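Per-entry structural report
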Amino acid sequence: MIDEIIKFAFKEDLGNGDHTSLSCVPENAVGKAKLLVKDDGVIAGVELAEKIFHHYDPTLKITQYIQDGEKVKFGDIVFEIEGKSRSILATERLVLNFMQRMSAIATQTRSIVDSIAGTHAKLLDTRKTTPGIRALEKWAVKIGGGHNHRFGLYDMIMIKDNHIDYAGGIEKSIVSANNYLKKNNLDIQIEIEVRDEKELDEVLAVGNVDRIMLDNFTPEQIKAVLPKIPNTIETEASGGITKDNIRGYAETGIQYISSGALTHSVKSMDLSLKAIYS
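Predicted model only: the values in this text are computed from it and were never measured.

Concerning the pattern of salt bridges
- Scanning the model with the defined rule gives 14 salt bridges in all.
- A salt bridge links Lys 73 to Asp 76; the shortest N-O distance between them is 3.1 Å.
- For Asp 76, a relative accessible area of 14% corresponds to the buried category.
- Its salt-bridge partner being Lys 228, residue Glu 197 comes within 2.6 Å of it at the nearest N-O pair. Of the two residues, Glu 197 sits in helix 8 (residues 197-206) while Lys 228 sits in the loop between helix 9 (219-225) and strand 10 (234-238), which places them 31 residues apart along the sequence.
- Judged by relative accessible area, Lys 228 falls into the partly exposed class, the value being 36%.
- One network of salt bridges, in which partners are shared, links Glu 191, Arg 211, Glu 234 and Glu 236.

Structural notes on the nonpolar core
- Grouped together as the largest cluster of nonpolar side chains are 78 residues, with contacts concentrated most on Phe 79 and Ile 212.
- Residue contributions to this core peak at twelve residues, all from helix 4 (residues 85-115).

Quick word on the sheet that holds strand 8 (residues 190-194)
- Taken in spatial order, the six strands line up as 6-11-10-9-8-7 in an open sheet, and their pairing is parallel. Each end of this open sheet is capped by a strand with a single partner; those strands are strand 6 (122-124) and strand 7 (157-159). Averaged over all adjacent pairs, the angle separating strand axes in this sheet is 25°, with direction ignored.
- With four bridges connecting them, strand 8 and strand 9 (residues 211-215) associate as parallel partners.

Topic: the sheet that holds strand 12 (residues 271-275)
- The sheet built from four strands is open, its strands ordered 3-5-1-12 with antiparallel pairing. Edge positions in the open sheet fall to strand 3 (61-64) and strand 12, since each of these has one partner strand only. For this sheet, the mean angle separating the axes of adjacent strands, direction not counted, is 20°.
- Pairing of strand 3 with strand 5 (residues 77-84) involves four bridges; the strand directions are antiparallel. Paired with Thr 63 across the strands is Glu 80, a residue of strand 5.
- Contacting strand 1 (30-37), strand 5 and strand 12, helix 4 crosses the sheet at an angle of about 155° to strand 5.

The rules behind the values
- The numbers attached to residues start from 1 for each chain and follow its sequence in the written order.
- Selection of residues for local features in this predicted model requires a pLDDT of at least 70, selection of side-chain atom pairs for listing and counting requires 80 or more, and totals for whole chains, interfaces and linings are taken over all residues.
- Working from all heavy atoms in the structure, the side-chain values ignore hydrogens and water.
- The salt bridge definition used is simple: a Lys or Arg side-chain nitrogen within 4 Å of an Asp or Glu carboxyl oxygen.
- In this scheme, a residue with accessible area under 20% of its type's maximum is buried, one over 50% is exposed, and one in between is partly exposed, where area comes from a 1.4 Å probe on protein chains only.
- Secondary structure elements follow DSSP: runs of H or I no shorter than four residues count as helices, runs of E no shorter than two count as strands, and numbering proceeds from the N terminus.
- Take the buried Ala, Val, Leu, Ile, Met, Phe, Trp, Tyr and Cys residues and link them wherever side-chain atoms come within 4.5 Å; each set so joined is a nonpolar core.
- Note: two strands are recorded as paired if DSSP finds a minimum of 2 bridges between them.
- To obtain each axis, a line is fitted to C-alpha atoms, and for helices this fit is confined to the stretch in contact; angles are then taken between N-to-C directions over 0 to 180 degrees.
- The criterion used for residue contact is that any of the two residues' heavy atoms lie within 4.5 Å.

These values are about where atoms sit, not about what they do.
Have a look at this one:
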């Protein structure tokens, strides 16, 4: 999937050629450039950058100084790239666009992970990602120390409020989901969302789910209901959770906390690819 993203990105950006470089830069010109950090945070996308450079021109040489997941500050140099000048120019914007967003996600994730350190809660991303580059954004979450929830609609059954309403209730949705898995010989988890303690009791009466998402519960409400849930069922908190209040949720004993803000509410890290003149 990453290779497909790279191929499409080049198709989108290059079209039938980088006419500026083709017209201005000699074919045999060689050059060198450095990736300069102009923000503080966690760098992500270094491995991806190497894939992008080598996809376009395998002869480009990368000298790496900082690894994915390392903290960076203004003025740091992540890597240097050396080779054909036209190749560096053709790949520059793709590398920057991807790395700026991935680094922002990794930075946001690391900040929240650090805020719940010492608890047993694991921070999860969601499907609230940019269409077409989910693989990169979820990769950035892992670089930042978070964990990936389901990747798409195909690798977990997640029964949410609309599914329950359309299916005719909690019991019908759970029974139908289990029958579907058996009929199609699928080995994927079933998670169900509950909005209050009454719905939780309905789910527990039916059973046959792998995880329960407590949606928009307060930490106090979570503490009150967790003893009801058997150890065989995983627990997740979601909804209304911010960096400012997440510690309270993590300290309830919940196993997972999911946050769409990891991927949908970030400000890109300021990075620049600057030519090096000898």
